[in-house]
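A closer look at the structure
In case you want the letters, here they are:
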Amino acid sequence: MLGGSFGCQWAVELAARFPGRIGALVLVGPTVDPHARSAVRLAGQWLRNSVRESPRMTPLNVADYRDAGLRRVLAGFGASMRDRIEDKLPHVDAPVLVVRGGQDRMVSQAWAEEVTRLLPRGRLSVMEGLALPRPRPWARRGCRRLC
């Protein structure tokens, strides 16, 4: 299973809630760092990261936010801030590859290392840039290394 950004919280929730049902996880840019858990700080990190994303992502992001609507976007943002992923990580029994982009301003190196340390079977990989351009092949490669 692959989770990216806020999707990491869903992946960890499922893995912790249903032990043994998920063979391996890849967490790409796990949020939310408990040391930066405030709306202002998270929004600032998101804006700093956004200017470094590929311009090709802008229309996709705008369409996603438009389709979801402001109310849902804000509700999702609030729910992700209340979700304490750090409390669930120790309960994930599957092997986990944590991936951080070396230029990611949303996910600090310290937080990526803490996520990895909290996982019983976690491993960290830091790559160039912000995010994975093609996550499927990367996820398969990561799972082969883990499984």
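In this report, the structure presented in the accompanying data block is examined. Everything numeric here is computed off the predicted structure, so don't read it as measured data.

**With respect to the pattern of salt bridges**
Inspection of the entire model under this criterion finds six salt bridges. The salt bridge involving Lys-88 is made with Glu-13; its shortest N-O contact spans 2.5 Å. Taken together, the residues Lys-88 in helix H5 (residues 85-88) and Glu-13 in helix H1 (residues 7-17) connect sequence positions 75 residues apart. Two residues, Lys-88 and Asp-83, come together in a salt bridge whose shortest N-O distance is 2.3 Å. On the basis of relative accessibility, which here comes to 18%, the residue Lys-88 falls in the buried class.

**Quick word on unusual backbone geometry**
Between Thr-31 and Val-32 the backbone carries a cis peptide bond, its omega angle lying at 5°. Tracing the sequence through the fold places Val-32 in the loop between strand E2 (25-28) and helix H2 (39-50). The backbone phi angle of Ser-5 is positive, close to 55°, even though this residue is not glycine. Of note, Ser-5 is situated in the loop between strand E1 (2-4) and H1.

**Concerning the side chain of Thr-31**
As for its placement among the helices and strands, Thr-31 is situated in the loop between E2 and H2. Reaching out from Thr-31, the side chain makes a polar contact with the backbone oxygen of Ser-5 at a distance of 3.4 Å. Leaving out residues up to four positions away in the same chain, Thr-31 has contacts with Ser-5, Phe-6, Gln-9, Ile-85, Met-106, Val-107 and Trp-111.

**Some remarks on the nonpolar core**
Judged by nonpolar contacts, the single largest core of 23 residues is most densely connected at Leu-25, Leu-89, Val-92, Val-96 and Leu-119. Those elements that place two or more of their residues in this core are H1, E2, strand E3 (96-101) and helix H6 (109-118). Of all hydrophobic cores here, the second largest spans five residues; its members include Val-28, Leu-97, Val-99 and Met-127.

**Notes on the environment of Pro-34**
Its place among the elements puts Pro-34 in the loop between E2 and H2. Given the relative accessible area of 24%, Pro-34 is considered partly exposed. When neighbours within four sequence positions are excluded, Pro-34 is seen to be in contact with Glu-86 and Trp-111.

**Side note on the environment of Pro-95**
Examined against the element boundaries, Pro-95 turns out to sit in the loop between H5 and E3. The buried category is assigned to Pro-95, whose relative accessible area is 7%. Sequence separation between Pro-95 and Gly-122 is 27 residues; the distance between their C-alpha atoms is 6.0 Å.

**Concerning the pairing of E3**
Burial analysis of E3 places six of its six residues in the buried class, the great majority of the element. Where E2 lies against E3, four bridges are found, and the strand directions are parallel. Across the sheet, residue Val-28 finds its bridge partner in E3, namely Val-99. Across six bridges, E3 lies against strand E4 (residues 122-127) in parallel orientation. Paired with Gly-101 across the strands is Met-127, a residue of E4. With H6 bridging E3 and the parallel E4, this β-α-β connection has right-handed handedness.

The rules we used
- Residues numbered from 1 in each chain as written.
- Predicted model: local features only at pLDDT ≥ 70, side-chain atom pairs only at ≥ 80, totals over all residues.
- Heavy atoms only, no water.
- Salt bridge = Lys/Arg side-chain N within 4 Å of Asp/Glu carboxyl O.
- Helix = DSSP H or I, 4+ residues; strand = E, 2+ residues; numbered from the N terminus.
- Buried < 20%, exposed > 50% of the residue type's maximum accessible area, 1.4 Å probe, protein only.
- Polar contact = N/O pair within 3.5 Å; in protein donor to acceptor, adjacent residues only side chain to side chain.
- Contact = heavy atoms within 4.5 Å.
- Core = buried A, V, L, I, M, F, W, Y, C linked by side-chain atoms within 4.5 Å.
- Pairing = 2+ DSSP bridges.
- Right-handed = clockwise from strand over helix to strand, strands pointing away.

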